[in-house]
Each structure stands twice: as C-alpha cells, then as structure tokens.
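Analysis of the macromolecular model
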Amino acid sequence: MTTSTTTPTSNSIFGGKAVNYVDDRVGTSKIVRSFARKIFPDHWSFMLGEMALYTFVILLITGTFLTLWYQPSMALTTYEGSYAPLFGQQMSHAYSSTLDISFDIRGGLLMRQVHHWAALLFVAAIVAHMARVFITGAFRKPREMNWVFGAVLAILALAAGFTGYSLPDDLLSGNGLRIIQGVLLAIPVVGSYLSFFLFGGEFPGEVIIPRLFIAHVLLIPAALLATIAVHLALVVLHKHTQFPGAGRTNTNVVGYPVYPVYAAKAGGFFFVVFGIVVLISAFVTINPIWNYGPYDPSPISAGTQPDWYIWFVDGALRLWPGWIGVPGMDGGGIPTEFTFLGVTLSLNIILPGMVLPGLMIGALFAYPFVEQWVTGDTREHHILDRPRNAPTRTGFGVAALVFYLTISLAATNDIIATHFDLSINDLTYVFRTTAIFGPPLAFWITKRVCMGLQRRDRDLALHGRESGRIVRTADGEYFEVHEPLAPAERWALVQQEEIRPLELDPSVKHSPVEKVRARLSSWFFEDRITPVTPHELEAAHHEGGQEGEAISDHESRSAITGSGTQEPAGQQ
Amino acid sequence: MKDQHVGTDVAAQGGGDLPDRFANPGVPAHRFRTTDTDQRAAKRAERQVAALFALSAAGSLLFIVSYFAFPLDETFASVERSTWTLGLGLGLAILALGLGVVHWGRTLMPDHEQVEERHDIRGTDEDRAAAAAILQDGFEESGIGRRSLIRNSLIGAGALLPVPAVLALGDLGPRPGDALSTTLWAEGVRLTRDPDEQPIRAEDVTIGSVFHVIPEGLNESDHPLEEKAKAAVLLIRLEPGEVEDDPERDGWDVDGIYAYSKICTHVGCPVALYEQRTHHLLCPCHQSTFDVTQHCRVIFGPAVRPLPQLPITVDEEGYLVASSGFPEAPGPSFWERG
C-alpha cells in the first residue's frame, strides 16, 4: 500500500505534488506511459477524418450559442425586430427568434453562418473520409466493424443536418419538410399514419419544429457523440493504418508520437479548420432566411435546393419519370403510379425517395463483408492499398461516386438550366442517361487507368527513372540512360502482393454458392499486373546492360537482395 | 477451395540465390530539417511562430473593439459591418493560433520517425479458453440454463415490455381519417386572393393572368396553414378553344377561367410557376410540368396524376365561387386515396 510517492526525477516539472496527487487517485502515470508516446502515421488524407471531428466540435460550440436565443415554437407572433421588410408580419416564434439572432444579437449572424458552414463541411469531410477509407481498403479486417460505425456516423450526420436545416421555419426549409411529408405519405399502407404521427396531425401542424429541435440538439448529438467515442476507441485499439513504404510492415506503425508533435499538429489543425470556417462565414452569406420569409404552404420561389447533402435524394426524385415512355414524350407510356383495389401505389416516389437511398446505404454497410467473401481474404491488413493496386475496388468507388454526384447534381438542374441558358428537359434527360450509363463507364475507365498506372510503376521499378541523358555508343547506337531507383523508392512500387483469384479444385464437387464466389473472385482479380520480382529486375539489368543501362552487375545485385529475405508484408 | 492466394510467378523463379520477393529495406535514414541543423533557421522559425501568435492576439483585439465599436442599428449595413469585423477578428484569432501551433510542431518539435510494433488484437488461445470458461461458469451459476421457469417467464416479460413503450407514443398524432381528402372548398365558397382574401369577380380575371387563390374564411379557420396546404388553388384564364374538350368537365369553368389545385400531385410543393405562352405549370421543386390546355395532364417530370380541377361558377353578386369541393383528394398520393 502506498503512503506517499517519490519524485521520479529531480528536474522534471511534472514530478510535483499536484501531479502525484492526481496519480495517487487516478493512476494517470500509467495512462501517460501507455498513450502519450503512441505512434501515429502521417499522411494528408488522414486529416479528413480529423476535419470531420473538428467541424463536429465547432457545431457543438456554435449550436450551444444559438440555443441561448432560439425558440423552438410554431406559435404565431408579430415580428417587431430590426429587419424592416418583415416588420409587423405574422410568423412563428422559431422564425422570428432566428431573425433576432441574425439582426439583433451582436455576432449572432456570424455564429449562425459558422454553424451552417461547419455543418456543410462536416458532411463533406465525412464523405471525403469515407472515400479515402474505401479506395485504400482501410475497411478490411480488423476494421470492418469500424467501417459500420463510420457509416452510422454518416447517416447520423445527415439526420443532424436535415433536422437543423428545418428549425428556422422559413419558406425554403418548410418546402423541404413538405417534400419529406410527401415521401412519407407514399409509403404503402402506413404512409398517412406516419405523416400524422410525425407532424402531430395535418401538415405542417404545430409540433414538428419542437420535435425536430429535441432530435437536433439532444438525441442526434448524443448518438453522434457515443458513436464517435466508439469509432475513435477502435482507431486507438487497432492503431492507425499506414501507406506502404520503406520500413512500414503489417506488424508495425511508423510515424510520430502523440506527445508532443502529433498533438501540436492535430490540435493546431483544429484551430486552422475553425479559423477558416469563421473567415468563410464572416464574408460568405449562407441560408439568408430573411430573404425567404416565414413558411407558408402556398408561395414558392424558383431555384429551391436543399443543403447539398440532401441533393442525392432530391435529385433522384427529380430524375425518376412519372411516365416511362419515349424520350422527349414524357407524359405518355407507362405510369409509375398505380391505383388498384382502391389503393394507390406511388412507385414514382417510393423508388427514388426511399428504396434507392436504402439500397445505397445498404451497399455502403455491406461492401467490406461482400469483398471479404468474394476475395476469401480473412487476414489482417494494416498496410493500405494504393488505389491503383486494387483496380476493381477503386473502380467501384469511382463508379459509386459518379452515380452519387450525378443524382446529387440533378438536384440543381434548374439552377444549371437558368445559368447556362439550357433546356431543363434536355438537362434532365442528360442526367437520367448519365445516372444509368455513367457508373459502368466510370468503372471501366478507372480500372483501365489503374492498370496503366500499375504498368508504369512496374516499368519504373524495372528500368528506373529516365535521366534525359542520351548516350551514343561507339557503334553509333543511341540510348537514354536510366537511373536505377533507390531500394526505399522501389519498395513502394513492388511491395504489393499479387493476388490471384480463388481457384476451384476441379476434382471436387462444389456447391453453386462456391461456384458463384469463384466466378466473382476471378472477375475481381482477373486483370492484374504482377509486381516486379528480384529475378525480373536482375534480368532487366542484364538485358539492359547490353542496351547500356548505367548500372553495374555488382550494384544491381546488392540493390535487389537488400538486407535479406523477409516475410512478405501481410503474411500472418 | 483455396483461401490463401498470395503467389509469385513460378516462371519468374529460378534466379539462383534471389528471393521470390523484394525485401523491405527498412526505415530510411532520418533527414534533418534546416531548423535541426541551423540555429539561425530555428530562431527564425521561433520568431515566425511568435508572430503568428501575435497575429492571433491582434485578431482577438479586433473582435473586442468591433463588438463595442459597431453596434447593430436598424440597418442591414450595420449587420454586415458587425459580421465582417467580428468574423475577421475571430477568424484571425483562431486561425493564426492554429497555424502557429502547427508551424511550431512542424519546424521545432522532433520529427524523428519512430516505429511501434502492433500487438495481436485477438486474445491468445489461453485468453479465449479462460474467457469462455468464466462465461460458462457464470451462466451455470446463474442457473438460467437449468431453471427453465425463470428463463421462460423472463423471455415472456421481456417480450411484452416494449409494447407499453411503443404504445406510449400512440398519441403522437391523430388518425388521418378523411383529413387528406377534404378541404374548405364546398358549394358556394368564394374564391379569394391569397393572402388578403379579396373575392374575385370573373371579369377581373383577364386572359393570360394567374390568380393565387384560397377559399374564403381560410384565415379565420382553426388551422389556416394546414387548410392552405390542401386548398391552395391557381386560377387561369385561357382563350376560348385553347383547352381540350372534356365532356366530363362541362361547366367546371367560367368562360375559360379554370381553377386547379396548386399542390403538386408528386410530393406536395406548390406548382407556382406558370408559363403564359405555353400554358404550362411547372413545379419548381422537381420540375413536374402540367399542361393547362390538357386539363393539367403531366407532360414532364416525376408526377403521374393531373392536378385536380376545382369546379367553379359565379354567384349572384358576380364573384367566383366553387360549385363543389375537389372531385378527388388534392396534393401528393397516399395509399388509401384510391
């Protein structure tokens, strides 16, 4: 049993009484020992997740500020604030208090805009982070569950965004709610009941704003915080992934310690993100609700867009044709809404408004497990794939992104039409076509580009860098001198495994599932470039020697063999 | 089926003493920064960091001064001035602080790459066996496996418990009833302008004009917004003969004045954009386009059903009135609308 502690080192400023007082009661020294010098690898793309975390913190800070004045009530009041054009008008307390924050609280408009910009950036950072995790294969074992938590976070972020967007009770967000209600109504059997439950009766009712408010400021942030805690705890538990490079293996982490340098860089980055968001918000207006007026179900203005992260649903709703017929002849052909036996089934709303987003989210959750099943790869992966080295996956990622961006941009078709003086109908046809044919084309192109990049890597690893120096031999032959790569440089180009498709043993009878899996596996891996082997490099040098590559046999051999044989990275 | 499929090309082998794969050359030698090797560079970096911190302090001062120097009066200009100066001050205060710390970390804190070994995430086989044994012991100690009466009654009680929890939400809203199909429109209800409820004479509706219409008495009703969300109507006058004949709709217009529901049959946005030349109504939300000359049939976009028509006539004082309610539910589709 300890009675008192001794000072660890005489000259440490952390050996004082106060520090020991805490350690006696909490055991902080053990925590510091195990965490303070934890190593994190460095790469710019690892900052995307940080950015998502930091914008969330900004949202908590600025959101709390806004709640000091915002009134989540749909009760009507007469506006008597500073904004003259709306003076004396009837509006909800929600709208009027948002005007007060904007016009009568010093710094209020700034905080509203910081909150809104941070929200837009929050979702953008999450999407970019997910794209990074996807195309580098960071979701592979043991991180599949953390991918799932991340996808939950993405959905929660959308929910947080949408509930907050509706709170000012202005004309634009009110129309957004109306669309949500229209989609709810279309749900078979229970649609009108769900709508009446959510809105406390008919649309818009008097309870939706307070209900969205409690979701926005309590339920969703609490769920976000809890999920973020798990997400980050798993990052610490798994240790961060790292890009391939000299000295980096599947069983180590190479980077900088948390304390002090990583803490300084990451902590400083929080203030950089915060500062930039504040500067944007100071000078770029976002969501000028005073221009829209209070919500009224009858008026609407042209060019109504939700916040960007809802575009993909809104765009899908725009693209789905009510009548499927000959292009240019919408309104004829087969309807996508059916009335039978006294009920109405609105496929024109359910499919793009609910089924499609459901499928997209389902695919997001399922991908790591599907890929693992197809590839049969159940090993742990801590070294990231360079996107080019996994052409099929990268192709999927780009195809998904093209689809997502196409249907998202479709939500701005009216803005594009008016800005560029184009026909809204033609634009819609272009978007419909792109949504269908764009992704397969993007998949194919991306895969070819990846293979090309792999070939270039291979060429570089085999023959070295073009030096630009042309040499003429005594025989009158010309050749360009290639400079060999240093082993550390070459390693990044040759470290990947050559992954072969699963092969079925022809002498054994296989179940149909196994056959499907083998076919998918061979489709996944059939196009592949073998990484350069030491033997090939030596052969190239040998051959190159005759062509005059400026490398002696002796040099090449020592460069190839390196420090000795080592288990291939990834072998467990 | 082979699960492991890491391979090297067999054909590539045979190089005598050469391995199948390259060896990881190990972490390259550390490269020192100028701030590590040159005291003057380090001193310069130190001054840069301090300058950024000073800039941050200046930003805070700008915020403090602006807070008092630029009060909000009744003008938009005062709001802009205040937002710009406060935002510039706060933004600089935060950004410069962050840049200073990052610059400090990048130039002056040690950047020696360090290697940390990963540890197995899974427990050892011994851990697993011990954990399984603990759980099994506890399971048996609790008796939940043996005492089926306790187990089954617990399952029964647990299964029932969520029902009260869900039922407690039963009064979130009333049942829809026929609320989605009924509006304030009925025989004799005057068509009035939105929002001031001025009644409309037939002769006021000139050719090519559009009136945004609400039923008389809407503003005094119990729930004006809810009623408006169903009952909003567009009034349009077309040249005689421009509209296709439809015997079913005989007498629903007054001399070429037609009243149509303004609520989109897709997801309920107001179909407020009227293109005079083509007589098309466009919903700005999802671009459903309705042709007034074809009784608001859908000619483009995601909507399927035409906008419902409100049959109208003229009362004895010459004002436009509804001759009945909508013949069908206006607005977006729902399951039981039929």
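The structure we're discussing is the one just above.
Read on for a plain summary of the structure. Residue indices follow the written sequence of each chain, beginning from 1 at its first position. As they are written, the chains are lettered A onward and the ligands numbered 1 onward, keeping that order. With the structure being a predicted model, the display of local features is reserved for residues of pLDDT at least 70 and the display and counting of side-chain atom pairs for 80 or more, all residues being used for whole-chain, interface and lining totals. Note that the side-chain values use all heavy atoms of the structure and ignore hydrogens as well as water.

1. Details of the overall build of chain A
- Strands are runs of DSSP state E lasting at least 2 residues, helices are runs of H or I lasting at least 4, and numbering of each runs from the N terminus. What chain A contains, in helices and strands, is 20 helices and 11 strands.
- Taken along its principal axes, the extent of the C-alpha atoms in chain A is 95 × 85 × 55 Å.
- Remark: exposure states derive from per-residue accessible area (1.4 Å probe, protein chains only) relative to the maximum for the residue type, with buried under 20%, exposed over 50%, and partly exposed in between. Among the 572 residues that make up chain A, the fraction classed as buried is 52%.
- If you take every contact in chain A between residues at least 6 apart in sequence, the share linking residues at least 24 apart comes to 73%.
- What sets the accessible areas is the Shrake-Rupley method with a 1.4 Å probe; for residues, cover comes only from the shown protein chains. Of the roughly 26,200 Å² of accessible surface on chain A, a fraction of 66% belongs to carbon and sulfur atoms.
- This count recognises Lys and Arg as positive and Asp and Glu as negative, with His and chain-terminal groups excluded. Each charge is placed at NZ for Lys, CZ for Arg, CG for Asp and CD for Glu. In chain A, 39 positive and 47 negative side-chain charges are present, and the distance between their average locations comes to 8 Å. Residues count as neighbours in contact if any of their non-hydrogen atoms are within 4.5 Å of one another.

2. Considerations on the interface of chain A and chain B
- Contacts between the two partners involve 146 residues from chain A, matched on the other side by 108 residues from chain B.
- Note on definitions: buried area is the accessible-area loss of two parts on being combined, 1.4 Å probe, summed for both. Interface area, chain A with chain B, both sides summed: about 11,000 Å², of which 63% is carbon and sulfur.
- We define a salt bridge as a side-chain nitrogen of Lys or Arg found within 4 Å of a carboxyl oxygen belonging to Asp or Glu. Counting every contact that joins chain A to chain B gives five salt bridges.
- Across the pair B:Arg305 and A:Glu337 runs a salt bridge, and its minimum N-O distance is 3.1 Å.
- The term polar contact refers here to a pair of N or O atoms within 3.5 Å; inside protein, the definition further demands a hydrogen-donor-capable atom paired with an acceptor-capable atom, and it admits residues adjacent in sequence only when both atoms are side-chain atoms. Viewed at the interface, chain B and chain A are joined by 35 residue pairs in polar contact (both at pLDDT 80 or more).
- Per-element accounting of the side of chain A that touches chain B gives the leading share, 16 residues, to helix 10 (residues 258-283) of chain A.
- Looking at the side of chain A that touches chain B residue by residue, the classes come out as 65 nonpolar, 52 polar and 29 charged.
- For two strands to count as paired, DSSP must find a minimum of two bridges between them. Pairing of strand 4 (residues 252-257) of chain A with strand 2 (residues 114-117) of chain B involves four bridges; the strand directions are antiparallel. Residue A:Asn252 lies in a different strand from strand 2 of chain B, and its bridge partner there is B:Glu117. Lys, Arg, Asp and Glu make up the charged group, whereas Ala, Val, Leu, Ile, Met, Phe, Trp, Tyr, Cys and Pro make up the nonpolar group; the residues left over, Gly among them, are polar.

3. Details of the sheet that holds strand 11 (residues 309-310) of chain B
Residue and element names in this part refer to chain B.
- Taken together, the five strands give an open sheet; going across it, the order is 3-4-5-6-11, and neighbouring strands pair in antiparallel fashion. Two strands lie at the open edges of the sheet, namely strand 3 (191-193) and strand 11, each paired on one side alone.
- In terms of strand pairing, strand 4 (residues 210-215) meets strand 5 (residues 233-237) through four bridges, oriented antiparallel. Its bridge partner being in strand 5, His212 is matched across the sheet by Leu234.

4. Concerning the state of the cysteines
Residue and element names in this part refer to chain B.
- The disulfide criterion is simple: two cysteine sulfur atoms within 2.5 Å. Evaluation of the coordinates by the stated rule reveals one disulfide over all chains.
- In this model, Cys269 is linked to Cys285 through a disulfide, with the two sulfur atoms separated by 2.2 Å. Between Cys269 and Cys285, the S-S torsion sits near -85°, and that sign places the bridge as left-handed. In this pair, Cys269 sits in the loop between strand 6 (257-261) and strand 7 (273-275) while Cys285 sits in the loop between strand 8 (280-282) and strand 9 (289-291), placing the two residues 16 residues apart along the sequence. Considered together, Cys269 and Cys285 belong to a single accessibility category, that of buried residues.
- Looking at Cys264, it has no disulfide partner, and the nearest cysteine sulfur is the one in Cys283, 4.2 Å off.
- Assessed through its relative accessible area of 1%, Cys264 is described here as buried.

5. Focus: the sheet that holds strand 2 of chain B
- What the three strands build is an open sheet, ordered 1(A)-4(A)-2(B); its pairing is antiparallel. Edge strands, defined here as strands with exactly one partner in the open sheet, are strand 1 (39-40) of chain A together with strand 2 of chain B.
- Where strand 1 of chain A meets strand 4 of chain A, two bridges bridge the pair, whose relative direction is antiparallel. Looking across to strand 4 of chain A, one finds that A:Phe40 is bridged to A:Tyr256.

6. Overview of the side chain of A:Arg248
- Turning to its location among the elements, A:Arg248 is positioned in the loop between helix 9 (208-238) and strand 4.
- Look past the residues within four positions of A:Arg248 in its chain and what remains in contact with it is A:Gln242, A:Phe243, A:Val254, A:Ile383, A:Trp491, B:Asn24 and B:Glu113.

7. Things to note about the packing of helix 12 (residues 311-319) of chain A against helix 14 (residues 391-409) of chain A
Residues and elements named next belong to chain A.
- Angles shown run from 0 to 180 degrees and are taken between the N-to-C directions of axes, each axis being a line fitted to C-alpha atoms and, for helices, limited to the stretch in contact. Contact pair helix 12 / helix 14: the axes reach a minimum separation of 6 Å and the direction vectors enclose 70°. It follows that helix 12 is roughly perpendicular to helix 14 by the angle criterion. Residues Trp311, Phe312, Gly315, Ala316 and Leu319 of helix 12 touch helix 14, and the partners they reach there are Tyr404, Ile407 and Ser408.
- Taken together, the residues that form the contact of helix 12 with helix 14 break down as six nonpolar, two polar and no charged. Convention used here: angles under 35 degrees read as roughly parallel, angles over 145 as roughly antiparallel, angles from 65 to 115 as roughly perpendicular, and any remaining angle as oblique.

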